[in-house]
Amino acid sequence: MTRLLDSPERSGTLPHVGADFIDAIERSGLVGRGGAGFPVATKWRAVAQRSGGRAVIVVNGAEGEPRSQKDRLLMTTRPHLVLDGAFIAARVLHARRVILYIGERHENARHAMVQALHERTEPERGLVTLAAAPARYVAGAETAAIRFLNEGIATPTTAPPLPFEQGVDRAPTLVQNVETLAHIALIARSGTPSSTLITLAGGIARPGVLEVELGTTIGDAVRQGGGVTEQPKAVLVGGYFGSWMEPAEAWKLPLDHRARLGCGVIGLLPASACPVCETAGIMRYLAAESSAQCGPCFFGLRALADACTRIADNRSDGRDLSRLNRWVDEVPGRGACRHPDGAVMFLSSALRVFASDFANHGSHDLRRAA
Amino acid sequence: VRLVVDRIKCDGRGLCAEVLPERIRLDDGGCPIVNPDPRPAHLLPRPQRAVKDCPVLAIALGRSQVK
């Protein structure tokens, strides 16, 4: 069993890895831990084939998901593990630059990473530059990170070209989440990644980051987090781009990256909270976080958030629910990035799990007033 | 071959939906929704007109990942 948060910070020198290291990644089954869950070996091969000694590694510590804390905790407490992963990537992919792209508000994380960097060898330090990721939801998206590093604007761009074709300074670029890179370091130390970091939020006794074995059920993870503080109404699996689930269904779900774990946020909605109001609040946030580049996202998410809010405020004309159900089918796949898709997946799960709450919202207030 | 819209360039003028109503409709915000079916041969001339008529050059015939 190889875990991130209780493994030694440094193994001394960087583990030696050969040309067959990408095969070792593939055998490990490692997928990206930033949210998209893309197979890491596939991404590395695409960059390796085009690198020619020019590749750029972007160490993605933007962590723009509001409830997630695992990336900054990892950077703060295990910075050398993240750097090991980055320098292994630089060696295997023949990169000439490593960029630490760390959320501008994650001050402790940035401080720890810079401190650790000072303890590295001079050739390693010579590869690295530091960049502050804007505190926006989309700033961690691959093409947004690349555009920020090229032009100073952290908004997604139309693909192709994809990052592995043309990224920072038009060079083949690997953008990889910090937790993923830490797992790379463990694979190089001949371990097999068997854990994942999650963030527990909402009605839980001990909110915060937890490292669990892959395959642990959400119910077991919640028990490890001290249990629920109040019977939950629903569980949000995967953060704001994730899905609401009925607690009974969620408890049985194993935490592996086939289970739409996303960025690893598990949020428990207390039964006393109003799921419609909660959903409306998150939709307003996601609409405001649109980069306002693509119409279906900018206008579409605003319309969805407004309709949710009218229902939550008991101001609906009675047709908002049918509008929502029509619009959630129209929006996905129609943005340059996945922001509208993620927001709509979240809303669709709310309309499914909270169907009766959406249909009857307001009636309990009227009863109370009567 | 299919019609692909560059969503960043598109600003919802809506000419495409007028030229090619069988393949393109507008959503409530005025942005095009492209029918994903493969282009039938008998519609050949007009998809090209939708491409040419777009005032901001946001539509192309291609295999791009952008829908």
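Just above sits the structure.
Calculation rules
Residues numbered from 1 in each chain as written. Chains lettered and ligands numbered in written order. Predicted model: local features only at pLDDT ≥ 70, side-chain atom pairs only at ≥ 80, totals over all residues. Heavy atoms only, no water. Helix = DSSP H or I, 4+ residues; strand = E, 2+ residues; numbered from the N terminus. Buried < 20%, exposed > 50% of the residue type's maximum accessible area, 1.4 Å probe, protein only. Contact = heavy atoms within 4.5 Å. Areas by Shrake-Rupley, 256 points an atom, 1.4 Å probe, with all protein chains shown as cover. Polar contact = N/O pair within 3.5 Å; in protein donor to acceptor, adjacent residues only side chain to side chain. Expected span 1.5 Å × (residues − 1). Pairing = 2+ DSSP bridges. Axes fitted to C-alpha atoms, helices over the stretch in contact; angles between N-to-C directions.

(A) Representation of the overall build of chain B. Of regular secondary structure, chain B possesses two helices and four strands. Scanning chain B from its N terminus toward the C terminus, one meets helices and strands in the order β-α-β-β-α-β. Sorting the 67 residues of chain B into buried and exposed places 40% on the buried side. Look at the contacts in chain B between residues 6 or more apart in sequence, and 59% of them connect residues 24 or more apart. Accessible surface, chain B: about 3900 Å² in total, of which carbon and sulfur atoms supply 54%.

(B) Quick peek at the side chain of Asn 60 of chain A. By the secondary structure assignment, Asn 60 of chain A is in strand β1 (residues 55-61). In this structure the side chain of Asn 60 of chain A is engaged in a polar contact, spanning 2.9 Å, whose partner is the backbone oxygen of Gly 140 of chain A.

(C) How the structure looks around helix α4 (residues 79-92) of chain A. Residue and element names in this part refer to chain A. When the terminal C-alpha atoms of α4 are compared, their 20 Å separation across 14 residues agrees well with the 20 Å that a helix rising 1.5 Å per residue should span. Counting buried residues along α4, 13 of its 14 residues qualify, which places the element largely inside the surrounding structure. Just downstream of α4, His 94 is the residue with a positive phi angle, here 50°.

(D) Inspection of the environment of Asp 20 of chain A at higher detail. With respect to the secondary-structure elements, Asp 20 of chain A resides in the segment before α1 (21-28). Looking at Asp 20 of chain A, the relative accessible area reads 51%, which means it is exposed.

(E) Structural view of the sheet that holds strand β7 (residues 232-237) of chain A. Residues and elements named next belong to chain A. The strand order β6-β5-β9-β7-β8 describes an open sheet built from five strands, whose pairing is mixed. Where the open sheet ends on each side, the last strands, each with one partner, are β6 (208-213) and β8 (243-245). Between one strand axis and the next, the sheet turns through 30° on average, direction left out of account. Where β7 and strand β9 (residues 265-270) come together, five bridges link them in antiparallel fashion. Across the sheet, the residue bridging to Ala 234 is Leu 269, located in β9. The sheet contacts of helix α14 (residues 339-353) involve β7 and β8, and relative to β8 the element is tilted by about 20°.

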